[in-house]
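One-letter residues, chain by chain:
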Amino acid sequence: MKYEIEVNLSETHIIEMSKITLRPYQLSDVDDFMQWACNSEVLECILLQLWIKPNSSREEVVSYFNQVVVNHPWYQAICLDGRAIGFVVLEMQAGKYDFERGRADLSYALGREYWGRGISPTALRIALSSAFHKFTNLVRIQALVGPGNKASERVLQKVGFTKEGVLRQYAVLADGECLDISMYSILSTDPILN
Ligand SMILES: CC(C)(COP(=O)(O)OP(=O)(O)OC[C@H]1O[C@@H](n2cnc3c(N)ncnc32)[C@H](O)[C@@H]1OP(=O)(O)O)[C@@H](O)C(=O)NCCC(=O)NCCS
């Protein structure tokens, strides 16, 4: 399924009247995927995506792409005029506890050269609308933001997420460092802001 919206990126942005769409990743997107997936500035912000390191080999990234990204139930490519420039993914929480049904984790990223053009808020609005429409039992979408990621917090605020608080020492990294994480959420009954 493909979702799309026409956007008029403001005159300060390089791209005008471009079309931002979401669609599932395809095998043919692998080289575009590598553009952002191997960028250290992008990777260091994505706490939940620690499967790829800046020094991962092409084979490791391609293997992950083929096995996980392409087969994921809701791993969408953020496309600009049809070309994949980032991702937005929803991970349904289910299994450990019964009460987790109806809840999903959201994460997203854009290729470095596309930051600051208002693309992510537009992509998230499309993602939220389509996810709440498709998964009728989905009540809550939550996003966890690492320390200092002001751009990501701003994106969530612009779209209508509520900051619920800070989860102290929530993420424990491989080297033992513990990070405080901000918890944001949006409910199916909340307005998605323009
Ligand atoms: C976070 C990310 C998705 C933002 O996407 P984007 O399309 O560039 O978002 P926007 O164009 O709306 O710009 C970000 C907003 O944050 C603001 N911002 C950026 N850096 C900021 C900072 N250091 N302090 C405060 N605000 C900041 C910008 O001014 C802009 O807000 P504005 O429109 O009110 O001026 C993108 O930077 C990215 O891919 N980062 C790496 C991956 C990541 O962090 N993913 C989220 C994990 S939770």
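Residues numbered from 1 in each chain as written. Predicted model: local features only at pLDDT ≥ 70, side-chain atom pairs only at ≥ 80, totals over all residues.

(A) Summary view of the overall build of the protein. Scanning the protein for helices and strands turns up 5 helices and 8 strands. Listing every helix and strand of the protein by position from the N terminus yields β-β-α-α-α-β-β-β-α-β-α-β-β. Burial status across the protein gives 25% buried among its 194 residues. Considering only contacts in the protein between residues 6 or more positions apart, those separated by 24 or more positions represent 61%. (Helix = DSSP H or I, 4+ residues; strand = E, 2+ residues; numbered from the N terminus. Buried ≥ 20, exposed ≤ 12 C-beta atoms within 10 Å, placed from the backbone. Contact = placed C-beta atoms within 7 Å.)

(B) Structural detail: the site of the ligand. Around the ligand lies a shell of 22 residues, among which Cys45, Ser120, Lys150, Ala151 and Arg154 are the nearest. For the shell around the ligand, the secondary structure elements donating two or more residues are strand 5 (103-110), helix 4 (119-134), strand 6 (140-145) and helix 5 (150-159). Ranked by the residues each element gives to the shell around the ligand, the list is headed by helix 5, at 5 residues. (Near = placed C-beta within 6 Å.)

(C) Local environment of the packing of helix 1 (residues 30-37) against helix 3 (residues 58-69). Interhelical geometry of helix 1 versus helix 3 gives an angle of 110° and a closest axis separation of 10 Å. Accordingly, the angle class assigned to the pair helix 1 and helix 3 is roughly perpendicular. Here helix 1 and helix 3 pass one another in a crossing that is right-handed. From helix 1, Val30, Phe33, Met34 and Ala37 reach across to helix 3, where they touch Val61, Val62, Phe65 and Val69. (Axes fitted to C-alpha atoms, helices over the stretch in contact; angles between N-to-C directions. Parallel < 35°, antiparallel > 145°, perpendicular 65-115°, else oblique. Left-handed = near helix turned anticlockwise from the far one by under 90°.)

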